[in-house]
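Report on the structure
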Amino acid sequence: MPEFFSFPPLPEDIRLVIEDGSSFLIIGHINPDGDCLSSQIAMGALLEALGKQVTLVNAGPFERSEITHLSGLFQTGVTEEMKAENPVVVVVDCSSIERIGSLAEEIEGLTTVIFDHHASGEYFGDYRYITPRAISTTFIIMHLYREFGIEITPEIADHLFFGFATDSGFFRFIGPYRGDILRHAAELVDLGVSPNEMADRISGGKNLDYVKYVGKLIDRSEVLLDGRLIIASSYIRDSRTFDTTDRPGDMLYSMLLAIRGVEVVLYLKELETQVTEIGLRSSHQSPVDVGELAKRLGGGGHRRAAGATVNESVEAVRDRLILLVKELLV
Ligand code: 5GP
Ligand code: MN
């Protein structure tokens, strides 16, 4: 009998913290993606519908092209004035405290509730509702609308669907027996969301120098471990020739994962001389859990998509990762 997904019951103490609070700060992770900001916005609207006072805070930077237009809705820090109200902090799409950046110190002493779908992470906060089988954090927030009996407006439907789409590779990363995700998505489409317009918003809007950057990364990528691992490296000097501000993201990963036999894709980006950002992806057939791998490097994420940033050169982290992946490729 297949194991169908259903949400775990919402703990009574979390319900009470939300019902009793009057002022809320909604926080997400640094370098936010679509799911993060949409979750913050939808969570904020839910609390406002419950009569609460809400402030959205994210330390940024708002670099990914699909989300820059949303940056105006967010404060980038928590001031003493905001803290004076003793707000409840709601953290979404983030399971470890370092991921909220400078906000971690700023919220010290405030009651904190976490809503997230990351399996890996060093748990923090006073209350947690973490469901790793949720495709996105907006999927969890949609469930909360139901739990609190709040109607989803067309505008909020759009935000919820945006999180579903960005975190599921536009519904490609969904396995069998997960009709529940598609049924939730169908509800949002019936509220007026346009999947084709959303697809353009997520994968379109790039400039030529960005697409050339992705081309350069593909050109430079090295196939290792009998064709099962592929590494694409990016250097500071690339920013002189290409547009390297946006993450190559799905465009790069889907092309490299399309190569027969490739199970793990690593994208290494030199941010500073001894600082490297790592993006990790694994194919659905692979035994490699890149979330676990990223955790060993001080980062985190999911089984099939994860990330980390380390204080090492691209070469050093490349050599270390080849050995780590080799161990995991049984
Ligand atoms: P992306 O490659 O799209 O930036 O990230 C893929 C997944 O890995 C996302 O779920 C994201 O939250 C997670 N992730 C990316 N970078 C980091 C990081 O530095 N630390 C942690 N804990 N997770 C990360
Ligand atoms: Mn997410």
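Now for a quick tour of the structure. Just so it is clear, the model here is predicted, and its values are computed rather than measured.

What counts as what
Along each chain, residues carry numbers from 1 onward, in the same order as the chain's sequence is written. As they are written, the chains are lettered A onward and the ligands numbered 1 onward, keeping that order. This being a predicted model, a pLDDT of at least 70 is required before a residue's local features are given, and a value of 80 or more before pairs of side-chain atoms are given or counted; all residues contribute to the totals for chains, interfaces and linings. Only heavy atoms go into the side-chain values, all of them from the structure, while hydrogens and water stay out. Secondary structure is summarised from DSSP: a helix means a run of H or I of at least four residues, a strand means a run of E of at least two, and numbering begins at the N terminus for each. The globule rule used for comparison is 2.2 Å times the number of residues to the exponent 0.38, while the radius of gyration itself is calculated over C-alpha atoms. Whether a residue is buried, partly exposed or exposed follows from its accessible area with a 1.4 Å probe, protein chains only, as a fraction of its type maximum: under 20%, in between, or over 50%, in that order. Contact between two residues is taken to exist if any of their heavy atoms lie within 4.5 Å; hydrogens are not considered. Here the accessible surface of atoms and residues is derived via Shrake-Rupley with a 1.4 Å probe, and residues count as covered only by protein chains that are part of the display. Two residue types count as positive, namely Lys and Arg, and two as negative, namely Asp and Glu; His and chain ends fall outside the count. Charge coordinates come from a single atom per side chain, which is NZ of Lys, CZ of Arg, CG of Asp or CD of Glu. Two strands pair if DSSP finds at least two bridges between them. Every axis corresponds to a line fitted to the C-alpha atoms, with the helix fit spanning only the stretch in contact, and the corresponding angles, defined between N-to-C directions, vary from 0 to 180 degrees. We count a salt bridge whenever a side-chain nitrogen from Lys or Arg sits within 4 Å of a carboxyl oxygen from Asp or Glu. Each metal's donors are the N, O and S atoms found within 2.8 Å of it, except that Na, K and Ca use a 3.2 Å limit; water is left out, so coordination can look incomplete. Near is defined per residue: the residue qualifies when any heavy atom it owns lies within 4 Å of the molecule or strand. What qualifies as a polar contact is a pair of N or O atoms within 3.5 Å, subject to a donor-acceptor requirement within protein and to the restriction that residues adjacent in sequence count only when both atoms come from side chains.

Quick look at the overall build of the protein now. Regarding its fold elements, the protein presents 13 helices and 11 strands. For 330 residues, the compact-globule estimate of 2.2 N^0.38 gives 20 Å, and the C-alpha radius of gyration of the protein, at 20 Å, lies within 12% of that figure. Looking at the protein residue by residue over its 330 residues, the buried ones come to 52%. Expressed as a percentage of contacts within the protein between residues at least 6 apart in sequence, the contacts between residues at least 24 apart total 67%. Accessible surface for the protein amounts to roughly 15100 Å². Of this, 51% is attributable to carbon and sulfur atoms. Taken together, the 30 basic and 49 acidic charged side chains of the protein have centroids lying 8 Å from each other.

Within a sheet, neighbouring strands are paired by backbone hydrogen bonds and run either parallel or antiparallel to one another. Spatial ordering of the open sheet is given by β2-β1-β3-β4-β5, a layout of 5 strands whose pairing is parallel. Each end of this open sheet is capped by a strand with a single partner; those strands are β2 (53-57) and β5 (127-130). Looking at each pair of strands side by side, their axes are set apart by 15° on average, direction ignored. In terms of strand pairing, strand β4 (residues 112-116) meets β5 through 4 bridges, oriented parallel. The residue of β5 that forms the bridge with I114 is R128. In this fold helix α5 (residues 137-147) packs onto β3 (88-92), β4 and β5, with an angle of close to 115° to the strand it touches most, β4.

Counting across every chain of the model gives 16 salt bridges. Measuring nitrogen to oxygen at the nearest pair gives 3.7 Å for the salt bridge that ties R133 to E3. Here R133 is found in the loop between β5 and α5, whereas its partner E3 is found in the segment before α1 (12-20), with 130 residues between them in sequence. Put simply, D158, E197 and R201 are held in one network by salt bridges that share partners.

A few words now on the coordination of the manganese ion (ligand 2). Protein coordination at the manganese ion (ligand 2): the donors are D35 (OD), D93 (OD), H117 (NE2) and D167 (OD), at 2.2 to 2.4 Å from the metal. Read in sequence order, the donor residues for the manganese ion (ligand 2) give the motif D-x57-D-x23-H-x49-D. Here D93, found in the loop between β3 and α4 (103-106), pairs with D167, found in helix α6 (residues 154-167); they are 74 residues apart in sequence, far enough to count as distant. Considered together, D93 and D167 belong to a single accessibility category, that of buried residues.

Every one of the 13 residues lining ligand 1 counts as a neighbour, but R64, R99, H118, R247 and G300 are closest to it. At 3.0 Å from an oxygen atom of ligand 1 is found a side-chain nitrogen or oxygen belonging to R99. Within the side chain of R281, a nitrogen or oxygen atom sits 3.2 Å from an oxygen atom of ligand 1. Its free accessible area being 500 Å², ligand 1 has 85% of it covered by the protein chains.

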